[in-house]
Amino acid sequence: MKDLQDVRPAFIDRPGGPRLCPCGLSFLVPEHYGRRSDFARCQRCGLVFSADMPPEEELARWYREEHWIRYSDEQIGMARTNVYVHAWSWLEELSLIPGVLVDVGCGAGTLLALCRDRGWKGMGFDPSIQAAAYARARGLEVHAEAFPPCSLADATADALTFINVLDHLRNPFGALEEAWRVLREGGLLYIRVPNGPFHLAMLSLLSVVRLDYLAVFHLYGFGRASFQYHLPRLGFEILAIRTAPPSQGNAYDWGGRRAALAARLLKLVDQAAYRVLKGLGLTRMAWGPSIEVMARKRRSGPIGPEHRGAR
Ligand SMILES: [Zn+2]
């Protein structure tokens, strides 16, 4: 992991200096989408990320102390329940026997509760003190800790999930390396993220009508191509990359009546489009606002930095 830690500050903390992608290549270009110009894109792996990341400490404090205050409705309410049920059903379908599932960024613990109900042992990690307390009050095993580092021993988990988490992290590749360590060989990795290329296009389109804040972009814009590039080098075999089902509701009405109506309309369009894609067998194209990845831990580990430029 040393190489990632060493590489990242080069483009995060020195805006005028060499801009390196976490994949180790320096082929970065500045990007503009709509009214925003604070992006960089790697020409090799396709990853788009914020060129103006908040300092590590500031980010850690926000997720530890503030995130729950602003976003707990999303985690406690029913708006996203179908997302967890869907992820759980897919994992269960691929697993022969109940095992140990680790949910990183578990929030209120909805996925862990599903695990428990089906005979699995669920363990959660979330930096939010309030989220962990809420989940523990439901009788779930949740640690108020960031990830990585993870206190679990090597090869102890049968499945590990990042549901709308990876794109929030300053070092998502360090988190994926830790996931590889914690999973047993053959263990399942499930990831759900906003579809980076889709939301960047929406940033441009919606900026015309000044509704670009409805597009979702945190720190990284993962898309199909960036997962195809990065997961194999990090020691995972990709089983599928698909369009993920939209959440069943909107937890928030942000930005006044006009924005709330637009968000509801987009949600209806999203849900209808997903049904069409699914009906036509096209979810494998990974189109749409959210994508999901199922992968399996391979025997061989992450490829070292000396190999990164060789692909
Ligand atoms: Zn790259």
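Residues numbered from 1 in each chain as written. Predicted model: local features only at pLDDT ≥ 70, side-chain atom pairs only at ≥ 80, totals over all residues.

(A) Representation of the overall build of the chain in the model. Scanning the chain from terminus to terminus reveals 9 helices and 11 strands. Counting over 311 residues, the chain shows a buried share of 40%. By sequence separation, contacts in the chain at least 24 residues apart represent 68% of the contacts at least 6 residues apart. (Helix = DSSP H or I, 4+ residues; strand = E, 2+ residues; numbered from the N terminus. Buried ≥ 20, exposed ≤ 12 C-beta atoms within 10 Å, placed from the backbone. Contact = placed C-beta atoms within 7 Å.)

(B) Main features of helix H3 (residues 81-94). The end-to-end C-alpha separation of H3 is 21 Å, in line with the 20 Å expected for 14 residues at 1.5 Å each. Along H3, the residues classified as buried are Val83, Tyr84, Ala87, Trp88 and Leu91. In a view along the axis of H3, the buried residues occupy a sector of 125 degrees, so they form one face of it. Exposed residues pointing more than 90 degrees away from the buried face of H3 are listed as Ser89 and Glu93. Contacts from the buried residues of H3 go to helix H4 (110-117), strand E7 (157-163) and strand E8 (183-194). (Expected span 1.5 Å × (residues − 1). Arc of directions from axis to C-beta.)

(C) Here's a closer look at H4. Every buried residue of H4 is listed here: Thr110, Leu111, Leu112, Leu114 and Cys115. Tucked inside the fold, the buried residues of H4 contact H3, strand E4 (100-104), strand E5 (121-125), helix H5 (129-137) and E7. Just downstream of H4 lies Gly119, where phi reads positive at about 85 degrees.

(D) How the structure looks around the pairing of E7. Most of E7 is tucked away: 7 of the 7 residues are buried. Sheet topology note: the E4/E7 ladder contains 4 bridges and is parallel. From the neighbouring strand, Val104 faces E7, where its bridge partner is Phe162. When E7 meets E8, the two strands line up parallel, connected through 6 bridges. When the bridges of E8 are listed, Phe162 appears paired with Ile191. (Pairing = 2+ DSSP bridges.)

(E) Here's a closer look at the sheet that holds E8. Read from one edge of the open sheet, 7 strands run E6-E5-E4-E7-E8-E11-E10, paired in mixed fashion. A strand with exactly one partner marks an edge of an open sheet, and here the two such strands are strand E6 (141-143) and strand E10 (236-243). Averaged over all adjacent pairs, the angle separating strand axes in this sheet is 15 degrees, with direction ignored. Its contacts with the sheet place helix H6 (residues 172-182) against E4, E7, E8, E10 and strand E11 (290-297), and it is angled at close to 150 degrees to E8. (Axes fitted to C-alpha atoms, helices over the stretch in contact; angles between N-to-C directions.)

(F) Up close: the sheet that holds strand E1 (residues 28-33). The sheet built from 4 strands is open, its strands ordered E1-E2-E3-E9 with antiparallel pairing. Every other strand in the sheet has two partners, leaving E1 and strand E9 (220-221) as the edge strands with one partner each. In this sheet, E9 lies alongside strand E3 (residues 48-50) in antiparallel orientation, the contact comprising 2 bridges. Across the sheet, Val48 pairs through a bridge with Gly221, a residue of E9.

(G) A look at the pairing of E11. With respect to burial, E11 is a largely interior element, 7 of its 8 residues being buried. In terms of strand pairing, E8 meets E11 through 7 bridges, oriented antiparallel. Across the sheet, residue Tyr190 finds its bridge partner in E11, namely Met294. By the bridge criterion, 7 bridges tie E10 to E11 in an arrangement that is antiparallel. By the bridge assignment, Ala240 is partnered in E11 with Met294.

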